[in-house]
Amino acid sequence: MGFRVLMVTPVVALAALMCSTGPVGATPTPVPVAAVDQQEAVATYQALQVNLYDPLPPLYKGVASSSCGLYSCLWPFTNAMAATEYLFGTPGGSPFVLDNATRLVGLLLYADPLELSPTGGLQPPAFESGVIPPLGPGGSTYYDDNGWVGLDLIHDYLLTPNVADLALAQAEFNFAVSGWDTSTTDGCPGGVFWEDVASSQRNATANAANAEVGIELSRLTGNGSDLAWATRMYNWVITCLGTPSGLYDDHVNPGGSVNTAMWSYNQGVMVGAGTLFYEATGNGSYLSQAERTASAAVAYFGTGSTLVNQGPAFNAIYFRDLFLLNQVVANPAYASQAQSYASYMWTQRQPGTGLIDPDLGVNGTAPMVEIYSLLAGSRPAP
């Protein structure tokens, strides 16, 4: 795959960038920051592929503590898929076209065409949390995981375009709609569940990430029902998880209590959804809401331990949505915070492998490929 096309180790990539391209003794020629980010994206991707990728099936290795068997759970796989897409989308990403196509092959190994509801009713097709048998044990089905799948599929369509992506993304969004809480007695009624089981919590990501999917599908296919459902999901998060600061809590428990954990990716998906709603409708209130949340998030997470402790997987989603907003209303704080974080994480690479946080498996390294690629000029997608 891609690491066989461009065999550049992390150490060699960085050393090459820091060397002068002029004659010996001359003043070193400054290397553009985007070029450094491009090389770091390639080097990090190659570390991921060399250490954690299995080309046959093609899937990524899991971590020992996982319940998903030999191969990674769906959530890490979606981050590896996003990493490949963003790298492919960089100015120097054309060598990764086959890698990008192969991610879809791997994704389909998680697909369950006969998804059943907790009561045994047939639901729209979805993706299980583990590779389905016989390669893996399968697993529970999560609405937020499926939201990341939908966003990866739409991003792939925007890059390729492969019309099969849209059909799969539409099926995923239909699954998300089927997870809407119809009880009128639950605390803060409505909202998409987190997991496809009885009495699940309702999370910001399960709603806002799927809202992003619905808005994009509406834009690409003209399906007004998708936009209407996306609006319901987005408004539920504002009503039930919004805080006076402009930031968003994590989830509503089955009994109605609110888990107030503050995660970067929750802020990201609401920034992204607000930006997309503004682009779809022209309603400035959506843009104002997105800017307010982005400003509060940049102040809250900063560039130190609060941000670092979120982990690469959460922060990649956070930054890609900030970059999405930046295309509409430019704010240098977004790229500055992302660059600071990316530079720090580059120093955390494991000697010998180039992996950034091996204990997290795919989720420790793949999201950093996405962030370096964004900084290198890959066009942001939600």
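For the structure itself, look to the data block above.
Treat the numbers as computed from the prediction; the structure is a model and nothing was measured.

What counts, and at which threshold
Residues numbered from 1 in each chain as written. Predicted model: local features only at pLDDT ≥ 70, side-chain atom pairs only at ≥ 80, totals over all residues. Heavy atoms only, no water. Helix = DSSP H or I, 4+ residues; strand = E, 2+ residues; numbered from the N terminus. Rg over C-alpha atoms; globule rule 2.2 N^0.38 Å. Contact = heavy atoms within 4.5 Å. Areas by Shrake-Rupley, 256 points an atom, 1.4 Å probe, with all protein chains shown as cover. Lys, Arg positive; Asp, Glu negative; His and termini not counted. Charge placed at Lys NZ, Arg CZ, Asp CG, Glu CD. Disulfide = S-S within 2.5 Å. Pairing = 2+ DSSP bridges. Salt bridge = Lys/Arg side-chain N within 4 Å of Asp/Glu carboxyl O. Buried < 20%, exposed > 50% of the residue type's maximum accessible area, 1.4 Å probe, protein only. Phe/Tyr/Trp six-rings, centres within 6.5 Å; stacked < 30°, edge-to-face > 60°. Lys NZ or Arg CZ within 6 Å of the ring centre and 35° of its normal. Expected span 1.5 Å × (residues − 1). Arc of directions from axis to C-beta. Polar contact = N/O pair within 3.5 Å; in protein donor to acceptor, adjacent residues only side chain to side chain. Axes fitted to C-alpha atoms, helices over the stretch in contact; angles between N-to-C directions. Parallel < 35°, antiparallel > 145°, perpendicular 65-115°, else oblique. Left-handed = near helix turned anticlockwise from the far one by under 90°. Nonpolar A, V, L, I, M, F, W, Y, C, P; charged D, E, K, R; others polar.

Student: Outline the overall build of the protein, supporting the account with residue identities and numerical values.
Tutor: Check the secondary structure of the protein and you find 15 helices and 7 strands. At 20 Å, the protein has a C-alpha radius of gyration in line with the 21 Å of a compact globule built from 382 residues. By its C-alpha atoms, the protein is 75 × 50 × 35 Å across when sized along the principal axes. Excluding contacts between residues fewer than 6 apart, the proportion of contacts in the protein whose partners are at least 24 apart in sequence is 66%. Element-wise, carbon and sulfur atoms account for 60% of the exposed surface of the protein, whose accessible area totals about 14600 Å². Taking the average place of the 10 positive charges on the side chains of the protein and the average place of its 29 negative ones, the gap between the two points comes to 5 Å.

Student: Kindly report on the state of the cysteines, identifying the contributing residues and their values.
Tutor: By the definition in use, this model includes 2 disulfides. The disulfide bridge from Cys 68 ends at Cys 73, spanning 1.9 Å between sulfur atoms. Taking the sign of the torsion about the S-S bond as the criterion, the disulfide between Cys 68 and Cys 73, at about 95°, is right-handed. Across the disulfide, Cys 188 is cross-linked to Cys 240 (sulfur-sulfur distance 1.7 Å). Between Cys 188 and Cys 240, the S-S dihedral sits near -85°, and the bridge is therefore left-handed.

Student: Outline the side chain of Thr 365, listing residues and values.
Tutor: Looking at the element boundaries, Thr 365 is found in helix H15 (residues 362-375). With near-sequence residues (within four places) excluded, Thr 365 lies in contact with Thr 44, Leu 48, Leu 355, Ile 356 and Asp 357.

Student: So, the sheet that holds strand E7 (residues 258-259): which residues are in play, and what are the values?
Tutor: Ordered by their spatial adjacency, 3 strands build an open sheet running E5-E6-E7, and the pairing between neighbours is antiparallel. Strands at the two margins of the open sheet, each flanked by one partner only, are strand E5 (202-203) and E7. Sheet topology places E5 next to strand E6 (residues 251-252); 2 bridges connect them, and they run antiparallel. Within E6, the position partnered with Asn 203 by the bridge is His 251.

Student: Before we move on, can you summarise the pattern of salt bridges with the specific residues and values?
Tutor: Across all of its chains, the model carries 3 salt bridges by this definition. One salt bridge connects Glu 216 with Arg 219, and the closest N-O pair in it is separated by 3.1 Å. One end of the pair, Glu 216, and the other, Arg 219, are both in helix H8 (residues 204-221), 3 residues apart, so they sit about a helical turn from each other. Since its relative accessible area comes to 52%, Arg 219 is described here as exposed.

Student: Describe the packing of aromatic side chains, listing the residues and the values that go with them.
Tutor: In this structure the tally under the stated criterion is 21 aromatic pairs. Centre to centre, the rings of Tyr 300 and Phe 301 are 4.8 Å apart; their planes meet at 85°, and the pair counts as edge-to-face. Here Tyr 318 and Phe 319 contribute two aromatic rings whose centre-to-centre distance is 5.0 Å and whose plane-to-plane angle is 45°, an arrangement assigned as tilted. Take Tyr 318 and Phe 319: they sit in the same class, and that class is buried. Here Arg 349 stacks its cationic end above the ring of Trp 346, 3.8 Å away from the centre of that ring.

Student: Lay out the side chain of Asp 181 with the relevant residues and their values.
Tutor: Residue placement: Asp 181 occurs in the loop between helix H7 (163-178) and E5. Leave out the neighbours within four places in its chain, and Asp 181 touches Asp 186, Gly 190, Gly 191, Phe 193 and Arg 202.

Student: Can you lay out helix H9 (residues 224-241) for me, pointing to particular residues and giving the numbers?
Tutor: With 18 residues, H9 extends 26 Å from end C-alpha to end C-alpha; this agrees with the ideal 26 Å at 1.5 Å per step. Along H9, the positions that sit buried rather than exposed are Asp 226, Ala 230, Met 233, Tyr 234, Trp 236, Val 237, Cys 240 and Leu 241. Take H9 and look down its axis: the buried residues cluster within an arc of 155°, on one side only. Here H9 starts with a cap whose side-chain oxygen sits 2.9 Å from the backbone nitrogen of Ser 225, and that cap is Asn 223.

Student: Would you mind going over the packing of helix H11 (residues 284-301) against helix H13 (residues 312-326) in detail, with residue names and values included?
Tutor: In the contact formed by H11 and H13, the axes pass within 11 Å of each other and the chain directions differ by 135°. Taken together, the axes of H11 and H13 lie oblique to each other. The crossing of H11 and H13 is left-handed. Contacts from Leu 287, Ala 290, Glu 291, Ala 294, Ala 297, Val 298 and Phe 301 of H11 reach H13 at Tyr 318, Leu 322 and Leu 325. Considered class by class, the residues forming the contact of H11 with H13 number 9 nonpolar, no polar and 1 charged.

Student: Give a description of the environment of Val 362 that names residues and reports values.
Tutor: The residue Val 362 is located in helix H15 in this model. Considered as a pair, Val 362 and Leu 52 are 310 residues apart in the sequence and their alpha carbons are 7.0 Å apart. Ignoring anything within four residues of it in the chain, the contact list for Val 362 reads Leu 48, Leu 52, Tyr 60, Lys 61, Ser 72, Pro 76, Ala 80 and Pro 367.

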